[in-house]
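One-letter residues, chain by chain:
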Amino acid sequence: MKPRVAFFDFAGCEGCQLQIANMEDEILKLIEIVDIVSFREISDVHSGDYDIAFVEGSISRPMDEERLKDIREHADILVALGSCACLGGINKMRNRFDENELIESVYGDKKLVSNPFFNVHKAKSVDEVVKVDYYIPGCPIDRNEFKRFVISISSGKKPELPNYPVCVECKKKENPCLFDEGRLCLGPITLAGCNAICPSRGSPCIGCRGILEKPATECIEEIFQRYNIDYDDLKDKWNMFNFGDKIWRKE
Amino acid sequence: MNGEIYRLEKDDFLAFVNNLINSFETIGVKEKKGRFVFSHLESAAELRLDHDVTILPPKKFFLPPYEKMIKFNVGEQKGELLGDNAKRVIIGVHPYDIVALKQMDMVYMEGRPDELYKQRRENTIIIGSDILRVNDFSFASSLGTHVVKDGFDLMLTDLGKKVIIEIGSERGRKILMDYARNIKEASDQDIKDVENHRKALPDRYKVKLDIEKDQIPFLLMDVFEHPLWEEESKKCLQCGSCTLVCPTCYCYDIRDEISLTLEDGERIRTWDSCLLPDFTKIASGEIFRKDKSERYRHRFYRKGLYIPMRYNFIACVGCGRCITACIPKIADPANVFNTLSRRKHESKGKLVYRMIEGVEAESHILPEPAVIRRIEPLTENEKLFEIELLSRDSFHFEPGQFVEVSVFGVGEAPISISSPPSGDNRFELVIRKVGNLTNRMHSMKEGEKLGIRGPLGKGFRVEDLEGKDLLFVAGGIGIVPLRSLIKYVLSKDNRPRFGKIYILYGARTPKDMLFMDEMEKWKEVDDVEIRLSVDTCPEGMKWNHSVGVVTTLFNEIEIQNPKETVSLVVGPPVMYKFVIKCLEDAGIKDTNILVSLERRMKCGLGRCGHCQINGIYVCKEGPVFRYSDIRNLPEVFQ
């Protein structure tokens, strides 16, 4: 029987689901191997009966946590889809600020205290709330990686993510190294799988797939000096996908 | 210069290149954002012969970074080798890259050639170019690779208004004659100009090796335990860039990719890097070169010792690509070798080993079709499969050899043969459910098709065991390859050729013990002693034998004639040290201890690099080794 899959979104831009919706003609092949029972970007049907749940977005409110736990209970396999779900994503940037101040700065003096929709806590990744079986990182996700994931699951193979930095893919594509242009690229410490899409188009890696498990720390200062790179630039970049959680330079 | 040498005026040379572009897939050096790459030429005007070095070497046209090797159908398990018939011309290859290609040829075309590499190599014309601009990090002149005498079809020296062309092969000569006009024989002055240019090159290199290149292997033998490995590798980002841009690195990974229909797909070969943490990882999750400093060191040892011992060349051509690509600038072979030579006295340990005779694999890239004839569940996690090769009537192998089992759509895995040589085309495999392929095997049924490559590697040489007492020591699934030899030795015809037989076998719990019924039969054979143990016996399980690790069984036997006893040991990596100590205590010589080692044998052909232990390949020189041959290899029993 074809696995039944459902998509769910939490705090995020829904851009990862859009990547899948944009698969267009391949969607037709996709539904030959999986039953999409819930995916509001492409269909208005919804069923609570599913095997695989793709969860997009970070978790921001108590009501989200309840909903997520309910999804977990129904799903055999739960997949975190995209950086918000996998890592907390850019939503986590707000965790450095006080929640009340944030609400005030966004919504002004509107009386929202008793409104559960605005009852937010610090942004969390999905695995801070429930067990996650697989991760498909990226901001947004890479369609091919999503495809490979579905193929793996459908053919009984364990989906695997590369455990090496973006540089590996970047070198194979023969891109001139952005460090040589004096630009800070997070490629050397970011998990690969995107086929170095940003550096291949001349933009430094911003680390959307998350930091390596054991990034090298000893050489950072030396590298920055050699390539004349600004520390503040680094700080901004690593905060974007919360690399700061893993300290790789002594402050 | 003493070959056939011609001269073209610049305009005629450009016309020659344009003619090539019109007739062949023509690749040349082009500029890319201030750096250089080998890429398809649209017109001769794009060609740059003043490049210092390209980001990637021309290797990418022979061993592409992403290569579709086999096209397959999942349902029928049918595969077809994908060729590449394109006739290519590559223009602007520097001498060091030509040397590197010659090295690649030895790796990929020696012995049983790699069909895909060979086809590309034979279909490609190499037009070299003398170095006009020296790369800041290159030290080619120290290795003598700044000039080259052969390995090209044509060699260009761009002297501004004129281009001097040396003929390197008959097909090079033909292409020049057919596609160039106004060809003139080079004058004495032309030749002198080229010679002067080449003579002046060495002085233009900023980086130099302080030692003779022939001394590099000897230096490395002395500095295996040098503090430099730790010092430098601390800074290593483990990005693999140094190996990925290297013209002499040739390790690769293989994986299957299938289409969304799940019906067809391709077996892919991609560049891999020994610097990456998962390079040696096997299905059970074990990693063999765990420490970053070990991986960092391994690369230099491959360049300067392991490959020189195997192929007799230094596997570095001094192009400077690795150091250009390395962000923390720790990948520089010249700097590392120079530093080591200066600080040699700081080393705390040497690495001395001898090459071991290997076996030329009886295998190509494409697996042979086979079918599962019989499946027998053995334990919760192990099943026995009887396989029949459909492509031949007989399958000759020696006990201890392995095959690569292939299921198109899933991949390949190395599996030891578990049955004795039979002469026909059937053999048995015992498969533990541990990774993607073995999981798939467990869900397969009798009559289903798969692929086999092999037999691979070196097994137990039965001739060497004749007349000896044999002491088998098996830990866990280690009984599987040993069973092949045990059954061979215990067969009626062969039994008289061997002395007393001891079999010591330990597993985790009674339900993990394999072939208990067969053990009963083996016991009945003359002069066979069998001792069994389990690590633990959970309550409620029946067990009439010993409890404890396999080494406790040594107390239960008396080895009557240790000098004439050969021990055959197979088990999990952790077991060897302890068992070998017991054997040596019992007086068995290290030349009489044979072990079979587990590593990530991916290609089985001594090329992909994953199963390497220091300088030896487990898939080629093993998996069965004489302990005396490997005991000094630090990476053997980590």
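These numbers were taken from a predicted model, which means no experiment stands behind them. (Residues numbered from 1 in each chain as written. Chains lettered and ligands numbered in written order. Predicted model: local features only at pLDDT ≥ 70, side-chain atom pairs only at ≥ 80, totals over all residues. Heavy atoms only, no water.)

1. A short note on the environment of E380(B)
On the secondary structure map, E380(B) appears in the loop between β13 (368-377) and β14 (382-389). Look at E380(B) and you get exposed, because its relative accessible area is 63%. (Helix = DSSP H or I, 4+ residues; strand = E, 2+ residues; numbered from the N terminus. Buried < 20%, exposed > 50% of the residue type's maximum accessible area, 1.4 Å probe, protein only.)

2. What to know about helix α12 (residues 333-342) of chain B
Residue and element names in this part refer to chain B. Of all ten residues making up α12, seven are buried, and the element is well covered by its neighbours. Elements that come into contact with the buried residues of α12 comprise α7 (216-222), α8 (227-233), α10 (292-311) and α11 (321-325). For α12, the side-chain oxygen to backbone nitrogen distance between the N-cap and A334 is 3.0 Å, and the N-cap itself is D332. (Contact = heavy atoms within 4.5 Å. Polar contact = N/O pair within 3.5 Å; in protein donor to acceptor, adjacent residues only side chain to side chain.)

3. Observations concerning the packing of helix α1 (residues 10-23) of chain B against helix α5 (residues 170-179) of chain B
Packed helix pairs are specified by the crossing angle of their axes together with the interaxial distance, meaning the distance between the axes. Residue and element names in this part refer to chain B. As a packed pair, α1 and α5 sit with axes 9 Å apart at the nearest point and diverge in direction by 105 degrees. Classified by the interaxial angle, the pair formed by α1 and α5 is roughly perpendicular. Residue-level inspection shows F16, N19, L20 and S23 of α1 in contact with α5, the latter providing I175, L176 and Y179. Of the residues assigned to the contact of α1 with α5, the class counts are five nonpolar, two polar and no charged. (Axes fitted to C-alpha atoms, helices over the stretch in contact; angles between N-to-C directions. Parallel < 35°, antiparallel > 145°, perpendicular 65-115°, else oblique. Nonpolar A, V, L, I, M, F, W, Y, C, P; charged D, E, K, R; others polar.)

4. Observations concerning the nonpolar core
Ranked by size, the top nonpolar core spans 187 residues in total, and within it F54(A), F146(A), W229(B), L471(B) and I630(B) carry the most contacts. Setting aside anything within four residues of it in sequence, one finds W229(B) in contact with L220(B), V223(B), F224(B), S293(B), Y296(B), R297(B), F300(B), Y301(B), V336(B) and L340(B). In this structure, C170(A), C205(A), C208(A) and C239(B) belong to the second largest nonpolar core, which totals 29 residues. (Core = buried A, V, L, I, M, F, W, Y, C linked by side-chain atoms within 4.5 Å.)

5. Remarks on the sheet that holds strand β4 (residues 66-73) of chain B
All names here are of chain B. Pairing within the open sheet is antiparallel, and its four strands lie in the order β5-β4-β12-β11. A single partner strand is all that each edge strand has here, and the edge strands are β5 (78-81) and β11 (252-258). For this sheet, the mean inter-axis angle between neighbouring strands, taken without regard to orientation, is 25 degrees. Sheet topology note: the β11/strand β12 (residues 264-271) ladder contains seven bridges and is antiparallel. Across the sheet, the residue bridging to I254 is R269, located in β12. (Pairing = 2+ DSSP bridges.)

6. A short note on the domain arrangement of chain A
All names here are of chain A. Examined at the domain level, chain A breaks down into domain 1 (4-154) and domain 2 (166-245). Computed from C-alpha atoms alone, the centre-to-centre distance between domain 1 and domain 2 is 26 Å. Between domain 1 and domain 2 the total buried area reaches about 940 Å² when both faces are included, carbon and sulfur atoms providing 53% of it. Put simply, domain 1 and domain 2 have one salt bridge between them. The salt bridge partner of E145 is R209, with a shortest N-O separation of 2.7 Å. Residue assignment for the side of domain 1 that touches domain 2 shows that the elements contributing at least two residues are α4 (83-87) and α6 (143-154). A breakdown of the residues in the side of domain 1 that touches domain 2 according to their chemical character gives five nonpolar, three polar and five charged. (Domains from an automatic or database assignment. Buried area = accessible area lost by both parts, 1.4 Å probe. Salt bridge = Lys/Arg side-chain N within 4 Å of Asp/Glu carboxyl O.)

7. Structural notes on the sheet that holds strand β22 (residues 546-547) of chain B
Residues and elements named next belong to chain B. Reading across the sheet, the seven strands line up as β22-β21-β20-β19-β23-β24-β27 and stay open at both edges, with mixed pairing between neighbours. The outermost strands of the open sheet, each flanked by one partner alone, are β22 and β27 (624-626). Two elements, strand β23 (residues 565-570) and strand β24 (residues 593-596), share three bridges in a ladder whose sense is parallel. Bridge pairing in β24 places L568 opposite L594.

8. Quick word on the confidence of the model for chain A
With 96% of its residues at a pLDDT of 70 or more, chain A has an overall mean of 89. Within the model, pLDDT remains below 50 along residues 247-251 of chain A, and this stretch shows 15 contacts once partners closer than five positions in the same chain are excluded. (pLDDT = per-residue confidence, 0-100.)

9. A short note on α1(B)
Taking 1.5 Å of rise per residue, 14 residues should cover 20 Å, and α1(B) covers 20 Å from first to last C-alpha, within 8% of that figure. Of all the positions in α1(B), only D12(B), F13(B), F16(B), V17(B), L20(B) and I21(B) are classed as buried. (Expected span 1.5 Å × (residues − 1).)

10. Thoughts on the domain arrangement of chain B
A common way to express how large an interface is: the accessible area buried when the components associate. Residues and elements named next belong to chain B. On domain assignment, one finds that chain B holds domain 1 (5-204), domain 2 (213-346), domain 3 (368-456) and domain 4 (462-630). Relative to domain 4, the C-alpha centre of domain 3 lies at a distance of 21 Å. Taken together, the contact pairs 23 residues of domain 3 with 21 residues of domain 4. For the pair domain 3 and domain 4, the two sides together bury roughly 1800 Å², of which 60% comes from carbon and sulfur. The largest share of the area that domain 3 buries against domain 4 comes from P399, F402 and S418, three residues that together contribute 23% of it. Linking domain 3 to domain 4 there are two salt bridges. Here K511 makes a salt bridge to E380, at a shortest N to O gap of 4.0 Å. At the level of secondary structure, the elements contributing two or more residues to the side of domain 3 that touches domain 4 comprise β14, β15 (402-407), β16 (411-416), β17 (426-432) and β18 (449-456).

11. Focus on the interface of chain B and chain A
Listed as interface residues are 41 residues of chain B and, on the opposing side, 38 residues of chain A. The three residues of chain B that bury the most area against chain A are L237(B), L260(B) and I327(B), which together make up 24% of that side's buried surface. Here chain B is connected to chain A by two salt bridges. At the boundary of chain B and chain A, one finds 13 residue pairs in polar contact (both at pLDDT 80 or more). Residue assignment for the side of chain B that touches chain A shows that the elements contributing at least two residues are β3 (35-40), α9 (241-244), β11, β12, α11 and α13 (436-442) of chain B. For the side of chain B that touches chain A, the element with the highest residue contribution is β3(B), accounting for four residues. Of the residues that constitute the side of chain B that touches chain A, the class distribution is 22 nonpolar, eight polar and eleven charged.

12. Observations regarding the environment of C86(A)
Residues and elements named next belong to chain A. Here C86 is to be found in helix α4. Sequence spacing of C86 and M23 is 63 residues, and the spatial spacing of their C-alpha atoms is 22 Å. Filtering out sequence-adjacent residues up to four positions away, C86 remains in contact with A80, S125, D127, Y135, I136 and P137.

13. Examining a negative patch on the surface
Taken together, the side chains of D98(A), E101(A), E104(A) and D109(A) present a region of like negative charge at the surface. Relative to the helices and strands, E104(A) resides in helix α5 (residues 99-107). (Patch = residues over 30% accessible without salt bridge, like charges linked within 9 Å, V, L, I, M, F, W, Y side chains within 5 Å. Areas by Shrake-Rupley, 256 points an atom, 1.4 Å probe, with all protein chains shown as cover. Lys, Arg positive; Asp, Glu negative; His and termini not counted. Charge placed at Lys NZ, Arg CZ, Asp CG, Glu CD.)

14. Here's the deal with unusual backbone geometry
A cis amide bond links C139(A) to the next residue, P140(A), at an omega of -5 degrees. Going from G622(B) to P623(B), the amide bond is cis rather than trans, its omega being 10 degrees. In this fold, P623(B) is placed in the loop between α18 (618-621) and β27. Phi is positive for Q77(B), which is not a glycine, with a value near 55 degrees. In this fold, Q77(B) is placed in the loop between β4 and β5. You will see that N614(B), though not glycine, has its phi angle at about 45 degrees, which is positive. Among the secondary structure elements, N614(B) is positioned in the loop between β25 (612-613) and β26 (616-617).

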